[in-house]
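Residue-level structural notes
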Amino acid sequence: PEAITIQELANRMAERAVDVIKLLMKQGQMLKINDVIDADTAELIAEEMGHTVKRVSEADVEEGLFSIEDTTEHLKPRPPVVTIMGHVDHGKTSLLDAIRNSKVVTGEAGGITQHIGAYQIEQDGQKITFIDTPGHAAFSQMRARGAKSTDIVILVVAADDGVMPQTKEAIAHAKAADVPIIIAINKIDKEGSDPNRVRTELLSEELVTESMGGDVIDVEVSAKSGQNLDKLLEMIILQSEVLELQANPDRTAEGIVIEAQLDRGRGPVATVLVQKGTLKPGDILVAGAEWGRVRAMLDEDGKQVKEAPPSKPVEVLGFQGTPEAGDMVAVVENEARAREIVEYRQRQIREKASVVASGSRGSLEQMMN
Ligand code: GDP
Ligand code: MG
């Protein structure tokens, strides 16, 4: 199937369209910048130009929407994306809010702000992006697609409660995604808190903290009093330096929807974490089965942002419909292209639904995708 224009392919690779045209010419194809080539040809061209092509899913390949890995010379350092996970009531939200509030200049924008699902802070000149635990469905969906939404997991364990079922689940998620874990032993201000019991219990989960002779970083904190939050941030920076995180900021953007809702006044609002490229107002993007033109981007303070580079989370206004948490986001070249992709995906969703509704078995693939 015809899938992608030469211009869009070039944009995705951060290459010049003329170079793509020249390469096609060598292969005996005389094409212009807005001509469409099929996915297989696009893949061959990308590989010949030194890019690694990752097939996200068969459906994406049919649309020519596969992800093209950037070559090393285009990569630049990017901030770490940190996800806070742990058992319910162990203090994930409190910790997230405490870190953010410790960075909000008093008196600015009313001081303490309401809770938000994703934000970026700066610590000693280093940016760190935090995201709240995505719902389990969203997390599994991301994993199933091979999408990595986080670089580091902060595992919050309440010192008065210890390792609980969702602590173990979070550990399993982090290990399956091959993401390093930093332990935040929380609520140390509380009477009866026992950090060492937490460390001992973690041994059964094969997490050996430094004080137990292992290499898993642990920090005792209190989201309530703010104790040791700076130390936690330092450890995050230390860990991220080891990871040498990089992305190409100079290409069309790709990312992931962290959360989305329909706002009465503003319409669909999606928090998008940019993972590659730079997102800008006016960009046309596709997220799952929805598309939109970026009308405005807002940061965690509600301020307008003109550019969102890799690892930056922004609230995006301008979607036609409300996408879902976990949806992959990609900027495409024009509205027609966006509509085409979205129609294709919505048709797939309808077909799947009708297979289920009619009670017919369908193929296993239809049921699973
Ligand atoms: P989540 O379910 O993991 O997001 O947990 P929350 O952040 O909602 O916290 C659950 C409860 O624990 C709330 O009542 C918090 O006020 C309380 N809490 C969170 N962190 C601390 C802490 O460091 N010390 C104390 N004493 N209470 C805390
Ligand atoms: Mg919470």
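Remember, predicted model here, so these are calculated numbers, not experimental data. (Residues numbered from 1 in each chain as written. Chains lettered and ligands numbered in written order. Predicted model: local features only at pLDDT ≥ 70, side-chain atom pairs only at ≥ 80, totals over all residues. Heavy atoms only, no water.)

**Examining unusual backbone geometry**
- Although it is not a glycine, Ala14 sits at a positive phi angle of roughly 60 degrees.
- Of note in the backbone geometry, Lys187 takes a positive phi value of approximately 65 degrees without being a glycine.

**Description of the pairing of strand E10 (residues 181-186)**
- Of all the six residues making up E10, six are buried; the element is thus mostly covered by neighbouring parts of the structure.
- What you see with E10 is no split at all: Ile181, Ile183 and Ile185 on one side and Ile182, Ala184 and Asn186 on the other are buried throughout.
- Taken together, the six bridges between strand E9 (residues 152-158) and E10 define a ladder with parallel strand orientation. By the bridge assignment for E10, Leu155 is matched with Ile183. (Buried < 20%, exposed > 50% of the residue type's maximum accessible area, 1.4 Å probe, protein only. Helix = DSSP H or I, 4+ residues; strand = E, 2+ residues; numbered from the N terminus. Pairing = 2+ DSSP bridges.)

**What to know about the environment of Asn248**
- Counting through the fold element by element, Asn248 comes out in the loop between strand E12 (246-247) and strand E13 (254-263).
- Exposure remark for Asn248: the relative accessible area of 1% places this residue in the buried category.
- Along the primary structure Asn248 and Asp327 are separated by 79 residues, whereas in three dimensions their C-alpha atoms are 21 Å apart.
- Once residues within four sequence positions are removed from consideration, Asn248 is found in contact with Ala14, Asp70, His74, Leu75, Lys276, Gly277 and Pro310.
- A distance of 2.8 Å separates the side chain of Asn248 from the backbone nitrogen of Asp250, its partner in a polar contact. (Contact = heavy atoms within 4.5 Å. Polar contact = N/O pair within 3.5 Å; in protein donor to acceptor, adjacent residues only side chain to side chain.)

**Describing the nonpolar core**
- In this structure, Leu95, Ile99, Phe130, Ile154, Leu232 and Ile236 are the most contacted members of the largest nonpolar core, which totals 25 residues.
- Broken down by secondary-structure element, the contributors of at least two residues to this core are strand E6 (81-86), helix H5 (92-103), strand E7 (118-123), strand E8 (126-131), E9, E10 and helix H9 (229-243).
- Counting residues per element, this core draws most heavily on H9, which supplies six residues.
- If we skip the residues at most four places from it in the chain, Leu95 touches Ile84, Ile154, Val156, Ala184, Val221, Ala223, Leu229 and Leu232. (Core = buried A, V, L, I, M, F, W, Y, C linked by side-chain atoms within 4.5 Å.)

**Details of the packing of aromatic side chains**
- Following the criterion strictly, the structure yields one aromatic pair and no others.
- In this arrangement the basic side chain of Arg100 is found over the ring face of Tyr119, its NZ or CZ atom lying 5.8 Å from the centre. (Phe/Tyr/Trp six-rings, centres within 6.5 Å; stacked < 30°, edge-to-face > 60°. Lys NZ or Arg CZ within 6 Å of the ring centre and 35° of its normal.)

**What to know about helix H8 (residues 195-203)**
- Those residues of H8 not exposed but buried are Pro195, Val198, Arg199 and Leu202. Here the buried residues of H8 occupy an arc of 100 degrees about the axis, which is enough to place them on one side.
- Summarising the contacts, the buried residues of H8 are in contact with E9, helix H7 (165-176), E10 and strand E11 (218-220). (Arc of directions from axis to C-beta.)

**Some details on the pairing of E6**
- Burial analysis of E6 places six of its six residues in the buried class, the great majority of the element.
- Alternating positions in E6 separate into two faces, Val81, Thr83 and Met85 on one and Val82, Ile84 and Gly86 on the other, with burial throughout.
- Here E6 runs beside E8; their pairing, made up of three bridges, is parallel. By the bridge assignment for E8, Thr83 is matched with Ile131.
- The pairing of E6 with E9 spans five bridges and is parallel. Within E9, the residue paired with Met85 across the bridge is Leu155.

**Details of the confidence of the model for the protein chain**
- On average, residues of the protein chain score 85 in pLDDT, and 84% of them reach the 70 mark or higher.
- In this model, residues 361-369 is a region of pLDDT below 50 whose contacts with residues beyond four sequence positions or in other chains number seven contacts.
- The complex prediction reports pTM at 0.80, with the ipTM value standing at 0.99. (pLDDT = per-residue confidence, 0-100.)

**Let's talk about the site of ligand 1**
- Taken together, 15 residues lie around ligand 1, and Asp89, Lys92, Thr93, Ser94 and Asp189 are the ones closest in.
- Gly91 places a main-chain nitrogen or oxygen 3.0 Å from an oxygen atom of ligand 1.
- When ligand 1 is considered free in solution it has 570 Å² of accessible area, and contact with the protein chains removes 71% of it.
- Per element, the largest residue contribution to the shell around ligand 1 is three residues, and it comes from H5.
- Of the residues that constitute the shell around ligand 1, the class distribution is two nonpolar, seven polar and six charged. (Near = heavy atom within 4 Å. Areas by Shrake-Rupley, 256 points an atom, 1.4 Å probe, with all protein chains shown as cover. Nonpolar A, V, L, I, M, F, W, Y, C, P; charged D, E, K, R; others polar.)

**A short note on the sheet that holds E13**
- Read around the barrel, six strands follow the order E13-E14-E17-E16-E15-E18 and close on themselves; strand pairing throughout is antiparallel. Each neighbouring strand pair of the sheet contributes to a mean axis angle of 45 degrees, computed without reference to strand direction. (Axes fitted to C-alpha atoms, helices over the stretch in contact; angles between N-to-C directions.)

**Some remarks on the sheet that holds E7**
- With mixed pairing, the six strands of this open sheet are ordered in space as E7-E8-E6-E9-E10-E11. In the strand order of this sheet, the two ends are held by E7 and E11, each with one partner. The sheet shows a mean angle of 25 degrees between the axes of neighbouring strands, direction not considered.
- Bridge count for E10 against E11 is three bridges, and the pairing is parallel. Bridge pairing in E11 links Ala184 to Val219.
- Its contacts with the sheet place H5 against E6, E7, E8, E9 and E10, and it is angled at close to 45 degrees to E7.
- Along the sheet face, H8 touches E9, E10 and E11 and points at about 145 degrees away from the line of E10.

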